[in-house]
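Working through the structure, step by step
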Amino acid sequence: MAKTKILEGIKVVDFTRVYTGPFAGQILADMGAEIIKIEDTGPNTNERSWPPFAPGTEESTYFIGLNRGKKSIELNLKYEKAREIAFKFIAEADVVMENFAPGVADKLGIGYAACKAVKPDIIYTSTSAFGQYGPLSRLPGYDMLAQAMGGLMSITGYPDMPLRVGSSIGDVIAGLYCCIGILGALHYRSLTGEGQHIDIALVDCIFTCLENAVPAYTICGRVPQRMGSRHPDGGPYDVYVCKDGFVGVVASNEKLWGNMCRAMGRPELATDPKFNSNAARLENIEEMTAIINDWMANYTMDEVVKILRDARVAVAPILDVPQIVESENTKARNMLVEYEHATAGKVKVPGNPIKFGAYEAIAELPPPFKGQHTKELLLQLGYSEADIEQMLKDGVIGDGFITRKK
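Let me sum up the structure you'll find in this document.

1. So, the overall build of the protein chain
- Counting its regular elements, the protein chain contains 18 helices and 13 strands.
- Principal-axis analysis of the C-alpha atoms gives the protein chain an extent of 85 × 45 × 40 Å.
- Buried positions account for 46% of the 406 residues belonging to the protein chain.
- Long-range contacts, defined as pairs at least 24 residues apart, comprise 68% of the intrachain contacts of the protein chain with a sequence gap of at least 6.
- Carbon and sulfur atoms form 57% of the exposed surface of the protein chain, whose accessible area is close to 20,300 Å².
- Positive and negative side-chain charges in the protein chain, numbering 42 and 50 respectively, have mean positions lying 2 Å apart.

2. Points about the pairing of strand β10 (residues 246–250)
- Taking every second residue as pointing to the same face, the buried face of β10 carries V247 and V249, while none of F246, G248 and V250 on the other face is buried.
- Bridging between strand β9 (residues 237–241) and β10 involves 5 bridges; their strand directions are antiparallel. What sits directly across from Y240, in β10, is V247.
- Where β9 hands over to β10, the hairpin turn is made up of 4 residues, counted between the paired strands.
- Note that β10 and strand β11 (residues 314–317) share 4 bridges and pair antiparallel. Considered in β11, the bridge of V249 is made with V315.

3. Some points on the nonpolar core
- In terms of nonpolar packing, the biggest core is built from 43 residues, with V12, L28, A33, V95, M97, I182 and Y339 touching the most fellow members.
- For this core, the element with the most residues is helix α7 (residues 169–192), which contributes 8 residues.
- Apart from the residues lying within four places of it in its own chain, the contact partners of I182 are L28, V95, M97, T125 and I198.
- Among the nonpolar cores identified, the runner-up in size contains 31 residues, and L75, F100, Y124 and Y383 belong to it.

Calculation criteria
Residues numbered from 1 in each chain as written. Predicted model: local features only at pLDDT ≥ 70, side-chain atom pairs only at ≥ 80, totals over all residues. Heavy atoms only, no water. Helix = DSSP H or I, 4+ residues; strand = E, 2+ residues; numbered from the N terminus. Buried < 20%, exposed > 50% of the residue type's maximum accessible area, 1.4 Å probe, protein only. Contact = heavy atoms within 4.5 Å. Areas by Shrake-Rupley, 256 points an atom, 1.4 Å probe, with all protein chains shown as cover. Lys, Arg positive; Asp, Glu negative; His and termini not counted. Charge placed at Lys NZ, Arg CZ, Asp CG, Glu CD. Pairing = 2+ DSSP bridges. Core = buried A, V, L, I, M, F, W, Y, C linked by side-chain atoms within 4.5 Å.

So yeah, pure geometry; function would need other evidence.
This is the structure:
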């Protein structure tokens, strides 16, 4: 372990819920930032209420997978006393994160202007579906709506049916952009002494990830079409069918295509005018796909992968979640990490894909149960046991760790 963590000394006050914000906060926590997660009082809502739950508990696996490295405190921000506590944290913080609908943070009294009044150089991030300004900004929105309006669903799926990407990829991308923005703003503040408000919109983030679809249209006038897993500009670049499963193959340049033709026992296809260039293969894509599938039908997925890898063709088996969890590569890369959760017991969650040379950047704290650190954090702020008991009685704070059975 390195003596100094990547984000040593950075403190983040996190009001975020669901996916985007918690994902961004977890990345910062892995890099060593201190994350104070402020949650509402009362029954579990949002991602804490979504099944499945750790066996025998009320702990949502959704929440567990996104919130390692954080300390949780329950505050009812409708009370002035709760906002007073929040601002004490903010006065010591570098970053505030929220992903309420635009305008909600201001109504709660914790918007950028209010936080800046407490900490003039605060870095404040707001993440929403459509941004803090613009004609759609006040609309409610979630990942799928961003995928729809950002253009991703128009190029995902089959000709007769657009499909949502299997995970909430818009939330992921927005979380990554949020982290990039925070890191950039921290550097900017080190140069100028100034904080700032960062506005992240899921729909904007999706729009930046359409690969060649946008310049192909703006420059050439080509409107992208849905074509399943095929690539619009080359092939083979698709999912193909084996005896017992599926593989993804990319052999869309002449060297790889030639290697594949020889591996299939059909070297003549490499020079056949119907298949000797990307343009020709795209014109004859159905025939080429049928040839590949006919060949693969004689082999298992593992056999196809070995044959094509031995031929230096880019190929991968399409793994399901149990397979990737058990993968030797996952283990070698430390991409599945285990924590001792205070109520759920041992839990395994995805690790950090950023592999720093200095040290293994993984947050040390397990994901918290709701309000787990309420008492600890309030005592650190200087509140007494009696103060805490009274605030609990008044509904300013949630019971969390104070009265919940272990």
